[in-house]
Amino acid sequence: MAFSTAKNVVEGKISKMTGLSIPEIKMYSPERLREYLERRAEKKFSFVSEFPSIGRGNVLRDNIASTERINKEIDKILGVRCG
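Comments concerning the packing of aromatic side chains
(1) Moving on: Per the stated rule, a full pass over the model turns up one aromatic pair.
(2) Moving on: For the ring pair Tyr28 and Tyr36, a centre distance of 5.9 Å and an interplane angle of 85 degrees mean the geometry is edge-to-face.
(3) Moving on: If you follow Arg32 out to its NZ or CZ, it ends over the ring of Tyr28, 3.9 Å from the centre.

Listed below in structure tokens is the structure:
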């Protein structure tokens, strides 16, 4: 019972923050959801690496990359000239 209540609270907060119901979010592709959230927030969507100060930390923290960086690397691999 407590899990169901906690789940409902989390889902309610997610719906309020995104402006979408959980079933709507599930229907969106990751790309469509990113575009929606960028328009809603009026800023670029990005990932932030958070890691604890105890233990070995987040082993992926150096591998988080922006969309721009990824696109630049792909263009470099494909031999596309940028600006």
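Brief notes about the environment of Glu11
(1) Moving on: Relative to the assigned elements, Glu11 resides in helix H1 (residues 2–18).
(2) Moving on: Look at Glu11 and you get partly exposed, because its relative accessible area is 24%.

Comments concerning helix H3 (residues 30–41)
(1) Moving on: Relative to the 16 Å expected for twelve residues at 1.5 Å per residue, H3 spans 16 Å between its end C-alpha atoms, a close match to the ideal helical length.
(2) Moving on: All buried positions along H3 are accounted for by Leu33, Tyr36 and Glu38.
(3) Moving on: The positive-phi residue at the C-terminal boundary of H3 is Glu42, with phi of around 55 degrees.

So, how was this worked out
Residues numbered from 1 in each chain as written. Predicted model: local features only at pLDDT ≥ 70, side-chain atom pairs only at ≥ 80, totals over all residues. Heavy atoms only, no water. Phe/Tyr/Trp six-rings, centres within 6.5 Å; stacked < 30°, edge-to-face > 60°. Lys NZ or Arg CZ within 6 Å of the ring centre and 35° of its normal. Helix = DSSP H or I, 4+ residues; strand = E, 2+ residues; numbered from the N terminus. Buried < 20%, exposed > 50% of the residue type's maximum accessible area, 1.4 Å probe, protein only. Expected span 1.5 Å × (residues − 1).

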